[in-house]
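Structural features, examined
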Amino acid sequence: MRRVLFAFVVLAMLAIPASVVAVEPEQEIAVGEVYLGELVLISVGGYAPGEPVDAWLYRPSTLAGWPLTNQPPILNADGTAAWLVQGASEQRRWSFAETAGTPFAVADAFGIWGAILMIPRDEVWFPCGFPLQWKCNFEVSPGLWEVHSPQRVNYINFPTGWDYWPYIDWFGAAGDPADIISPLEIDVFNYGPTVYGPQFEAVVTGYDWKWSDIEW
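So, a few notes on the structure that sits alongside this text. (Residues numbered from 1 in each chain as written. Predicted model: local features only at pLDDT ≥ 70, side-chain atom pairs only at ≥ 80, totals over all residues. Heavy atoms only, no water.)

**Comments concerning the overall build of the chain**
- When helices and strands are tallied, the chain shows 2 helices and 12 strands.
- Written out in order from the N terminus, the α and β elements of the chain read β-β-β-β-β-β-α-β-β-β-β-α-β-β.
- Residues classed as buried in the chain amount to 47% of the 216 residues present.
- Entry remark: accessible area of the chain is about 10,700 Å², with carbon and sulfur atoms responsible for 58%. (Helix = DSSP H or I, 4+ residues; strand = E, 2+ residues; numbered from the N terminus. Buried < 20%, exposed > 50% of the residue type's maximum accessible area, 1.4 Å probe, protein only. Areas by Shrake-Rupley, 256 points an atom, 1.4 Å probe, with all protein chains shown as cover.)

**Overview of unusual backbone geometry**
- For the peptide bond that leads from Gly 192 to Pro 193, omega is 10°, which places it in the cis range.
- Positionally, Pro 193 belongs in the loop between strand E11 (182–190) and strand E12 (199–210).
- A positive phi is found at Asn 157, a non-glycine position, where the angle reads about 65°.
- Relative to the helices and strands, Asn 157 resides in the loop between strand E10 (152–156) and helix H2 (168–171).
- Given the relative accessible area of 66%, Asn 157 is considered exposed.

**Focus on the state of the cysteines**
- Enumeration according to the criterion identifies 1 disulfide in this entry.
- The residue that forms a disulfide with Cys 128 is Cys 136, at a sulfur-sulfur distance of 1.8 Å. Residues Cys 128 and Cys 136 are joined by a disulfide whose S-S torsion is about 110°; by sign, that bridge is right-handed.
- Given a relative accessible area of 2%, Cys 136 falls into the buried group. (Disulfide = S-S within 2.5 Å.)

**Let's talk about the pairing of E11**
- Most of E11 is tucked away: 9 of the 9 residues are buried.
- Of the two faces of E11, the one holding Ser 182, Leu 184, Ile 186, Val 188 and Asn 190 and the one holding Pro 183, Glu 185, Asp 187 and Phe 189 are both buried throughout.
- Here strand E4 (residues 53–58) runs beside E11; their pairing, made up of 6 bridges, is antiparallel. Paired with Leu 57 across the two strands is Ile 186, which belongs to E11. (Pairing = 2+ DSSP bridges.)

**Examining the pattern of salt bridges**
- One pass over the full model with this rule turns up 4 salt bridges.
- Across the pair Arg 152 and Glu 33 runs a salt bridge, and its minimum N-O distance is 2.8 Å. Here Arg 152 is found in strand E10, whereas its partner Glu 33 is found in strand E2 (residues 28–36), with 119 residues between them in sequence.
- Judged by its relative accessible area of 33%, Glu 33 falls in the partly exposed class. (Salt bridge = Lys/Arg side-chain N within 4 Å of Asp/Glu carboxyl O.)

**Overview of the pairing of strand E8 (residues 138–141)**
- Where E8 lies against strand E9 (residues 144–146), 3 bridges are found, and the strand directions are antiparallel. Following the sheet pairing, Glu 139 is matched in E9 by Trp 145.
- In this antiparallel pair of consecutive strands, E8 and E9, the connection spans 2 residues, and Gly 143 shows a positive phi of 80°.

**Observations regarding the nonpolar core**
- Of all hydrophobic cores here, the largest spans 34 residues; its most connected members are Ile 42, Trp 94, Trp 113, Ile 186 and Val 188.
- The element best represented in this core is E12, accounting for 5 residues.
- Residue contacts for Ile 186: discarding those within four places in its chain leaves Ile 42, Ala 55, Trp 56, Leu 57, Trp 94, Pro 198, Gln 199 and Phe 200.
- Trp 66, Leu 68, Ile 181 and Val 203 belong to the second-largest nonpolar core, a separate cluster that totals 6 residues. (Core = buried A, V, L, I, M, F, W, Y, C linked by side-chain atoms within 4.5 Å. Contact = heavy atoms within 4.5 Å.)

**Section: a nonpolar patch on the surface**
- On the surface, Leu 39, Leu 41, Ile 116 and Met 118 cluster together to form a nonpolar patch covering roughly 450 Å² of accessible area.
- Residue Ile 116 is classed as exposed on the basis of its relative accessible area of 59%. (Patch = residues over 30% accessible without salt bridge, like charges linked within 9 Å, V, L, I, M, F, W, Y side chains within 5 Å.)

**A closer look at the environment of Ile 74**
- Its location among the elements puts Ile 74 in the loop between E4 and strand E5 (80–84).
- Every residue in contact with Ile 74, bar those within four places of it in the chain, is listed here: Gly 32, Glu 33, Ala 81, Gln 151, Ile 181, Val 203 and Thr 205.

Keep in mind these numbers describe shape, not what the thing actually does.
Here it is in structure tokens:
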């Protein structure tokens, strides 16, 4: 396992604003928990009818602490959370593949733009890596492991009794602390001449894990 660095929060932690986006948002809206594979409705008004609009994904840097302005970390049942200390991702144009060439590529007759989009299931947005890559755990010294796991795992179409975190077999119950989260920003904006749009602040807590993801 590669060595990684996690930051921890217990009960409550002050948010440390540290956000960099392509366009300065008009407002920052806390939306709570999301998970990879979840379908999310995004809807924003105030645009000109027929105006092109897109949604973008961005994982802000956590090098200076928890980066979201209005959305605090989401804690697990034990009142704790942990996240990977790392730099920011690039912005990803999230809506284009789903809306290009459709009526959802532009604001409607009332100036409202919206779409139902899936949070991509890839490791850019969540530090544990996608299932069977197991990047949550790391060896802090020979034979000594620091163990982490996602707060949420949706086991889809798993055989009965197989819907559990595999590292329980190695570390016992301590192998599934269900503590890892990741900050995520969703920026919605048009393309001018006056650029406008909000930023949705979310916390990724895990992912959909489908039995079909396992390759034998």
